[in-house]
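The primary structure of each chain is shown beneath.
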Amino acid sequence: MIAAAVGLFLPIGAAWWGLRALRLRPATDSRLTTAAVACCLGIGLSSLTTFLAVSLHLFPGRAFVIGDAVLWLALGTAGWWACRPTSQAAADAAPRPALGLSDWLARAAFAVVVTASFSVPVIEYLSAPHGQWDAWAIWNQKARFFYRAGDGWAAWLAIFWAQPGHPVLVPLSVARLWAYAGEELTLAPALLSGVYGATALAVVMGTLNVARTRAWVAGSVLAAPFAFSHLVAAQTADLPVSMLVVTSLAMLRQDDPRVWRNPQRARSALLLAGLLASLAVWTKNEGAVFLAASALLVAWIALRHGHGRDMVWWVAGAAPVLAVVVWFKLVLTAGASPVYGPSTTASALGYLVLPDRHERIIGLMWPLFQSWGGPWARWSLPVVMGGALGLALTPVGRSGRGVLAVVAAMLIGYYGAYVVTSMELTQLVNTTYERLVMQVWPALVLAALSVGEPAIPALPRSVGGGD
Amino acid sequence: MVGRVQQGLAVLAVVWAIIAAFGAVRGARAQPPDPMAQLEAEFNKLARDLPPAGEVGYLERYEDAGAEDAVRAHYAAQYALVPRVVVSRVGHEFMIVAHGMPRPGHDPRLDGYFLVSVTPEDHRVYRRLVP
């Protein structure tokens, strides 16, 4: 297990030092946000190098592990070396403001909530070490194909229930850690799932600035529902999608206009947002819905700040990974039939204009909408949605508007998929609704707690600063 | 005034979060036991009598083949026996016949096959001679 943990944290560390060396900074700059971005990039980029090794018949032998470790160590060391002269400046951080009783209470409540929430995956792991249904039927099964068959992985294209057309960030990440461990540890996908959950939490809190109490309240609200902690236990691909969605959106936050007036900061934020969005597409097909929705947000941001050409940086960030996804979809898995797609274009159009179908889908979704979150968290989704929407309509909620618009576009896209699918609706909606909402839940919480506040001038290099 | 409203909402949100988090722990403890680890271990025992890769057949349950337990058994066999592809079709050289899947007495779908091995849990591997 130690070897698997080393395999997980090597690329994350390399990404951390790489971000600092290349001076790639999120729009909302904080160490916690940068750490979250490093987690996303470390896991995402190492899945791509693993895919390259698989394609070159180098996976999963000892040579792969040594080569992979050397690669990430070398990149991390180079990054650390490049930013060594500036690391001293971090020690000059200004003191944080004193905390009041309410601040401490919010932090204590967060500790209680997170302890309870992260005990859920531990409890569930002890009774279901292989994860939930989709984990062993799809994601961990594909990881086994990569690990056991190497370049013969494509055999799973014949397994229709394994969603053969979905991209493979999650299975490759699991198989990579198994290669490090030298065995198929069930703890490896469980550890990864925990990191996905912790990263989503970190990015929301870091973006809202952990020097402020709202970040701790947001962390509590995000982690509390059973839907969240149950999905951390699931070992499926929905949580990494939600992690990448919220991290990409965090790069595009509009709460600090200075970022967008600084060309270097704006470009690095757009580059990271594009890269993270493309990794969401590399994780699951739903990532494509996010990519399309966030492209509109990026266009709006670029035009609003009079830097239309800066969109090129977002495209440059997304293009390399998207090229791999296109190759994967159009060449490697071209024969895989879409599981959820419409049978024909005519039938899809027919469904779109059928009032009975919309009525049926809304009828199926309504009770799930109310009960989403778990036994003691009913109505959490409507309340948070209403809160985010209400806040976005006020002047102090400006910074959450873009995030909310992307979330709305994604939910409309998912609803559209329900409308045009040829699958049996009752089972489809009942088995996917909770997970699809979970993909946008961290972004929704981010939007709902995005209350505009004056910047703290005393925190230039601490958790909330960095300039 | 606005600050007090925000503080009040924050208190409500945190109290709700604590209640919901403990509800989540309760929900986790109430989850039914997962049979996958056991099923996987059972089907693993068949691996030594199957080819190392390629397609092998899987006999669907003679009735109500779409029931959750029947589907779960098929998927579990696939999960355990990767990198083989376990297809629910008769006619392959090797057939996996899980416990409770064949028709009691005589199942004509197994005509031409002979028994290769059987596990203590009554999962079987059948084979037919190919020209």
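Residues numbered from 1 in each chain as written. Chains lettered and ligands numbered in written order. Predicted model: local features only at pLDDT ≥ 70, side-chain atom pairs only at ≥ 80, totals over all residues. Heavy atoms only, no water.

## Remarks on the overall build of chain A
- In terms of regular secondary structure, chain A is built from 20 helices and zero strands.
- Computed over the C-alpha atoms, the radius of gyration of chain A is 22 Å, within 12% of the 23 Å expected from 2.2 N^0.38 for a compact globule of 467 residues.
- Along the first, second and third principal axes, the C-alpha atoms of chain A reach 60 × 55 × 50 Å.
- The burial tally for chain A puts 56% of its 467 residues in the buried class.
- Surface accessibility of chain A: about 18,100 Å² in total, with carbon and sulfur atoms responsible for 70%.
- Measuring between centres, the 30 positive side-chain charges of chain A sit 8 Å from its 20 negative side-chain charges. (Helix = DSSP H or I, 4+ residues; strand = E, 2+ residues; numbered from the N terminus. Rg over C-alpha atoms; globule rule 2.2 N^0.38 Å. Buried < 20%, exposed > 50% of the residue type's maximum accessible area, 1.4 Å probe, protein only. Areas by Shrake-Rupley, 256 points an atom, 1.4 Å probe, with all protein chains shown as cover. Lys, Arg positive; Asp, Glu negative; His and termini not counted. Charge placed at Lys NZ, Arg CZ, Asp CG, Glu CD.)

## Looking at the sheet that holds strand β3 (residues 94-97) of chain B
All names here are of chain B.
- Spatial strand order, β2-β1-β3-β5-β4: five strands in an open sheet with mixed pairing. Each of the sheet's edge strands pairs with one partner strand only, and the pair in question is β2 (84-87) and β4 (114-118). Pairs of neighbouring strands in the sheet enclose a mean axial angle of 30 degrees, with direction left out of account.
- Strand direction decides the pairing type here: strand β1 (residues 54-58) and β3, joined by two bridges, are parallel. Within β3, the position partnered with Gly57 by the bridge is Met95.
- Across the sheet, helix α3 (residues 68-81) is in contact with β1, β2 and β3; its angle to β2 comes to roughly 165 degrees. (Pairing = 2+ DSSP bridges. Axes fitted to C-alpha atoms, helices over the stretch in contact; angles between N-to-C directions. Contact = heavy atoms within 4.5 Å.)

## Here we look at the nonpolar core
- If you look at the biggest cluster of nonpolar residues, it comprises 184 residues, and the most contacted ones within it are Leu41, Phe146, Trp282, Tyr433 and Trp441 of chain A together with Phe43 and Ile96 of chain B.
- In terms of nonpolar packing, the next biggest core, distinct from the first, is built from six residues, Met95, Val97, Leu110 and Tyr113 of chain B among them. (Core = buried A, V, L, I, M, F, W, Y, C linked by side-chain atoms within 4.5 Å.)

## A few points about a nonpolar patch on the surface
- Together, Val112 and Trp376 of chain A together with Val11, Val15, Ile19 and Phe22 of chain B make up an exposed nonpolar region whose accessible area comes to about 530 Å².
- The biggest single contributor to the nonpolar patch is helix α1 (residues 2-29) of chain B, with four residues.
- Along the chain, the position of Trp376 of chain A falls in the loop between α17 (355-371) and α18 (380-392).
- In this structure Trp376 of chain A comes out as partly exposed when scored by relative accessible area, which is 39%. (Patch = residues over 30% accessible without salt bridge, like charges linked within 9 Å, V, L, I, M, F, W, Y side chains within 5 Å. Salt bridge = Lys/Arg side-chain N within 4 Å of Asp/Glu carboxyl O.)

## A few points about the packing of aromatic side chains
- Per the counting criterion, the structure on display carries 21 aromatic pairs over all chains.
- Measuring from ring centre to ring centre gives 6.4 Å for Phe146 of chain A and Trp156 of chain A, while their planes differ by 80 degrees; the resulting arrangement is edge-to-face. Residue Phe146 of chain A is found in helix α6 (residues 133-149), and its partner Trp156 of chain A is found in the loop between α6 and α7 (169-181); the two are separated by 10 residues along the sequence. Take Phe146 of chain A and Trp156 of chain A: they sit in the same class, and that class is buried.
- Both rings, one in Trp161 of chain A and one in Tyr75 of chain B, keep their centres 3.9 Å apart while their planes meet at 15 degrees; by these two values the pair is stacked. Of this pair, Trp161 of chain A sits in the loop between α6 and α7 while Tyr75 of chain B sits in helix α3, which puts the two residues in different chains. Grouping residues by exposure puts Trp161 of chain A and Tyr75 of chain B together as buried.
- Note that Arg357 of chain A overlies the ring of Tyr351 of chain A, its terminal NZ or CZ placed 3.7 Å from the centroid. (Phe/Tyr/Trp six-rings, centres within 6.5 Å; stacked < 30°, edge-to-face > 60°. Lys NZ or Arg CZ within 6 Å of the ring centre and 35° of its normal.)

## Some remarks on the pattern of salt bridges
- One pass over the structure, following the stated rule, counts 18 salt bridges over all chains.
- With a closest N to O distance of 2.9 Å, Asp68 of chain A and Arg176 of chain A form a salt bridge. Here Asp68 of chain A is found in helix α3 (residues 62-82), whereas its partner Arg176 of chain A is found in helix α7, with 108 residues between them in sequence. Arg176 of chain A matches Asp68 of chain A in its accessibility class, with the two residues each being buried.
- Between Glu93 of chain B and Arg127 of chain B there is a salt bridge, and its shortest N-O distance comes to 2.6 Å. In this pair, Glu93 of chain B sits in the loop between β2 and β3 while Arg127 of chain B sits in strand β5 (residues 124-127), placing the two residues 34 residues apart along the sequence.
- Exposure remark for Glu93 of chain B: the relative accessible area of 27% places this residue in the partly exposed category.
- Given the relative accessible area of 32%, Arg127 of chain B is considered partly exposed.

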